[in-house]
Amino acid sequence: MEWYWFSLIPVPVLLWLWFELIRDEALPIPLPKETIRKMLKLSSVKENDIVYDLGSGDGRALIIAAKEFNAKAIGIEKNRLLVWLSRLTISKNRLQDRIDIVHDDIFKKKIRDADVILIYLSHKLTQKLGPKFQKELNKGTRIISASHPLIGWKIIRKIRTGHFYSYLYKV
Ligand SMILES: C[S@@+](CC[C@H](N)C(=O)[O-])C[C@H]1O[C@@H](n2cnc3c(N)ncnc32)[C@H](O)[C@@H]1O
């Protein structure tokens, strides 16, 4: 075997890592905390509201919702590493009684009790959630989506959050 074949070894490894990251159709890129605060404010989150983050990543939106808005927060996340990491941060912040992380696929869990839903997902996943929202959510539930509008839904408000817009809807 020629020596230069060894230089190709990292290529499949990199491709595998890239595939692991993109296969959920939503890269695990967290929202800036200031953007989350703006989004929760725009959704008029108040004390004891139940706030869901669908695809909760490292749990930062849940922590902000619980700590700064006194909400009860529930995250659904399918990446086990992020579930572990977010649970660790939540217990470090002693917020276990205000935040729950469900390790599951967002399409497999019912979300009937939500007052506010925050999403920061791919365009495709965002559209896929539309029918689920219509089926499961109570009238008056607020949905705030970062970066991708819900096509066919009436936008209540749209604000600039960093380099993209966030869109507010009401069921
Ligand atoms: C762009 S990140 C957003 C993270 C977090 N919401 C935030 O704003 O910082 C999208 C997250 O959704 C998760 N995700 C993607 N598809 C999912 C699914 N079907 N069920 C549960 N989580 C999912 C990814 O693992 C990732 O952590």
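Here, every reference points to the structure presented above.
Report on the accompanying structure. Remember, predicted model here, so these are calculated numbers, not experimental data.

**Concerning the overall build of the chain**
Helix and strand counts for the chain stand at five helices and seven strands. Its helices and strands taken in sequence order, the chain reads α-α-β-α-β-α-β-β-α-β-β-β from the N to the C terminus. Every one of the 171 residues in the chain was classed for burial, and the buried ones make up 42%. Partitioning the intrachain contacts of the chain with sequence separation of at least 6 by distance along the chain shows that 61% fall at a separation of at least 24. Carbon and sulfur atoms provide 57% of the accessible area of the chain, an area that totals close to 10,300 Å².

**Remarks on a nonpolar patch on the surface**
Side chains of L81, W84, L85 and L88 sit close together on the surface and give an oily, nonpolar patch of about 420 Å² of accessible area. Counting through the fold element by element, W84 comes out in helix α4 (residues 80–92).

**Here's the deal with the pairing of strand β6 (residues 157–161)**
By the bridge criterion, five bridges tie β6 to strand β7 (residues 164–170) in an arrangement that is antiparallel. The residue of β7 that forms the bridge with R157 is L168. As consecutive antiparallel partners, β6 and β7 are separated by two residues, and within that stretch G162 has a phi angle of approximately 70°, a positive value.

**Examining the sheet that holds β7**
With respect to topology, seven strands assemble into an open sheet ordered β3-β2-β1-β4-β5-β7-β6, the strand pairing being mixed. Edge positions in the sheet fall to β3 (99–103) and β6, since each of these pairs with one other strand and no more. Each neighbouring strand pair of the sheet contributes to a mean axis angle of 20°, computed without reference to strand direction. Against the sheet, helix α2 (residues 33–42) touches β1 (50–54), β4 (116–119), β5 (142–146), β6 and β7, its axis set at about 165° to β6. Packing against the sheet, α4 makes contact with β2 (72–77) and β3, and its axis sits at approximately 165° to β3.

**Some details on helix α3 (residues 60–69)**
Of all the ten residues making up α3, seven are buried; the element is thus mostly covered by neighbouring parts of the structure. For α3, the set of buried residues is A61, L62, I63, I64, A65, A66 and F69. Directly after α3, the chain includes N70, whose backbone phi takes a positive value near 55°.

**With respect to the pattern of salt bridges**
Using the criterion set out here, one finds seven salt bridges in the structure. With a closest N to O distance of 3.0 Å, D49 and R142 form a salt bridge. Here R142 lies in strand β5 and D49 lies in the loop between α2 and β1, a separation of 93 residues in the sequence. Summarising the burial analysis for this pair, D49 and R142 share the class buried. Here D58 makes a salt bridge to R60, at a shortest N to O gap of 3.0 Å. For R60, a relative accessible area of 22% puts it in the partly exposed group. In the salt-bridge network here, residues are joined through shared partners; they are E34, R37 and E68.

Conventions and cut-offs
Residues numbered from 1 in each chain as written. Predicted model: local features only at pLDDT ≥ 70, side-chain atom pairs only at ≥ 80, totals over all residues. Heavy atoms only, no water. Helix = DSSP H or I, 4+ residues; strand = E, 2+ residues; numbered from the N terminus. Buried < 20%, exposed > 50% of the residue type's maximum accessible area, 1.4 Å probe, protein only. Contact = heavy atoms within 4.5 Å. Areas by Shrake-Rupley, 256 points an atom, 1.4 Å probe, with all protein chains shown as cover. Patch = residues over 30% accessible without salt bridge, like charges linked within 9 Å, V, L, I, M, F, W, Y side chains within 5 Å. Salt bridge = Lys/Arg side-chain N within 4 Å of Asp/Glu carboxyl O. Pairing = 2+ DSSP bridges. Axes fitted to C-alpha atoms, helices over the stretch in contact; angles between N-to-C directions.

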